[in-house]
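Reading the structure
Next come the chains, spelled out residue by residue.
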Amino acid sequence: MKRREIIKGITLIPFGGTILGGMLPNGSVAAQPAPLVKRDLVKELGIRTFINAAGTYTAMTASLMHEEVLETINNSSKVFCMLNEVHDKVGEKIAKIVHSEAAMVTAGAFSALTLGMAGILTGTDQKKITQLPTRLEENGMKSEVIIQKSHFDGYEKALLNTGVTMVPVETAEDVDRAVNAKTASMHFLNCNALEGKIMHEEWLQLAKKHNLPTSIDIAADVPPVENLWRFNDMGFSFVALSGGKAVRGPQSAGILMGKADIIAAARLNDSPNGRTIGRGMKVNKEEILGMYAALEMYVNQDHEKEWKMWEDRVSLITNAVNKIDSVTVTVSVPPIANHSPKMKIAWDKNKIKLTRTSLGEKLRTGEPSIEMISWGGDENSIELTVFMLSKGEEKIVAKRLKEELTQALA
Ligand SMILES: *Cc1c(COP(=O)(O)O)cnc(C)c1O
């Protein structure tokens, strides 16, 4: 076949009932671009979607990105860049926003913890970077991290990934006793701060006394927006934040911020560098840029107005259900993590034949599907938050709750 005929052959392949744009069979150029065949894979694969009245739960895909973030992702997907240059430029911008010496986008807060820890252990020593996570002591690295007993929540696994072991303590005296030549750092879990005996400032003083670096996990701890810089201002050596929770960045992104030497070392332990523990924690350019766009939007948004909107949603839902026999509504705000109004709707089980689990299931299988906090807690109540609702969804949540609670009246 001659070249011209091959081209003809290709242009004649029907696609979605139309002929692809480009050259027409007679050789002229088509005036109209071919219509894009829009696919909705969520629908096509039959994946359940729902109204999220639960919160920024990872298993529920946590949060929805703003249009501007999606636009950033889309635009940057059309060009090549050097990944390290994207990291450099975005890191510099983020560091300014969060008052840190340096910052980098990571594959979630979990990776931020692992990479920050790796940075502390290896510094810029290439040999140590390659040796991680094995035989830390043999290879001249420190190997122990001090942590309060009440600060174990499972996410310390991110630190353990580097090969360190955790040394639990309760009091300042425990810290003094625990410090030895193998101690690498002191870690703090912000959301459990109130459960521990040692608060931030004292933790930092103890670290200073023993000349140790400090880390803090604040993954789900904005809002308030000030928490973005509060712990850098306090002097923590590195801070780990989730990007895909209330900041509404890409779900698989996060931010590591802190001292310049630690971030530089963390970068060396990360993708695109091979032979590193971070090679599998790759973040693509689209999400690095998307994370920055989301952070900027989050910092610039009107937080008071948003809080007022949440309160209005809470009132609307409260008014829909609180006149139903035996129903009571209480609203609380968790002091640290997931800091937004949380509603608890409770009832008398003799009057309303529902359990937390059964109501959760009715809402989940209803139309449209709604997810609330239908696990844990006590059986004669259900809990929900309103901060992940899209505009107007509060009305649907209120209506469905009223329907189910009324129907179950004995
Ligand atoms: C969500 C969370 C993490 C993990 O954050 P990712 O961004 O999902 O990696 C770590 N620590 C705490 C306390 C969290 O709540």
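The rules we used
Residues numbered from 1 in each chain as written. Predicted model: local features only at pLDDT ≥ 70, side-chain atom pairs only at ≥ 80, totals over all residues. Heavy atoms only, no water. Pairing = 2+ DSSP bridges. Helix = DSSP H or I, 4+ residues; strand = E, 2+ residues; numbered from the N terminus. Axes fitted to C-alpha atoms, helices over the stretch in contact; angles between N-to-C directions. Near = heavy atom within 4 Å. Polar contact = N/O pair within 3.5 Å; in protein donor to acceptor, adjacent residues only side chain to side chain. Areas by Shrake-Rupley, 256 points an atom, 1.4 Å probe, with all protein chains shown as cover. Nonpolar A, V, L, I, M, F, W, Y, C, P; charged D, E, K, R; others polar. Buried < 20%, exposed > 50% of the residue type's maximum accessible area, 1.4 Å probe, protein only. Expected span 1.5 Å × (residues − 1). Contact = heavy atoms within 4.5 Å.

A word on the sheet that holds strand β12 (residues 342–346)
One open sheet holds the three strands; their spatial order is β11-β12-β14, and the pairing between them is antiparallel. Looking along the sheet, the strands with just one partner apiece sit at the ends: β11 (328–332) and β14 (381–385). Direction aside, neighbouring strands of the sheet carry axes that sit 20° apart on average. In the sheet, β11 pairs with β12 via five bridges, with the strands oriented antiparallel.

Focus on the site of the ligand
Around the ligand, the surrounding shell consists of Gly108, Ala109, Phe110, Asp153, Tyr155, Leu189, Asp217, Ala219, Ala220, Ser242 and Lys245. Within the backbone of Ala109, an N or O atom sits 2.8 Å from an oxygen atom of the ligand. In isolation the ligand offers 380 Å² of accessible surface; the protein chains occlude 86% of this area. Of the residues that constitute the shell around the ligand, the class distribution is six nonpolar, two polar and three charged.

As for the pairing of strand β10 (residues 254–258)
With five of five residues buried, β10 lies mostly within the body of the structure. The alternating pattern of β10 places Gly254, Leu256 and Gly258 and Ile255 and Met257 on opposite faces, both of which are buried. As paired elements, strand β4 (residues 102–106) and β10 share five bridges and run antiparallel to each other. Considered in β10, the bridge of Ala103 is made with Met257. Strand direction decides the pairing type here: strand β9 (residues 238–242) and β10, joined by five bridges, are antiparallel. Following the sheet pairing, Val239 is matched in β10 by Met257.

As for helix α12 (residues 285–300)
Between its first and last C-alpha atoms α12 spans 23 Å; for 16 residues at 1.5 Å apiece the expected length is 22 Å, and the two agree. Here α12 has its buried residues at Lys285, Glu286, Glu287, Ile288, Gly290, Met291, Tyr292, Ala293, Ala294, Leu295 and Tyr298.

Structural notes on the sheet that holds strand β7 (residues 183–189)
One open sheet accounts for seven strands, arranged β4-β10-β9-β8-β7-β5-β6; its pairing is mixed. Edge strands, defined here as strands with exactly one partner in the open sheet, are β4 and β6 (165–169). Strand-to-strand twist of the sheet, defined as the mean angle between neighbouring strand axes without regard to direction, takes the value 25°. Pairing analysis gives three bridges linking strand β8 (residues 214–217) to β9, with the strands arranged parallel. Looking at the pairing, Ile216 lines up with Val239 of β9. Most of the contacts of helix α9 (residues 200–209) go to β7, to which it runs at about 175°, and overall it touches β5 (144–148), β6, β7 and β8. Across the face of the sheet, helix α11 (residues 260–268) comes into contact with β4, β9 and β10 while running at roughly 30° to β4.

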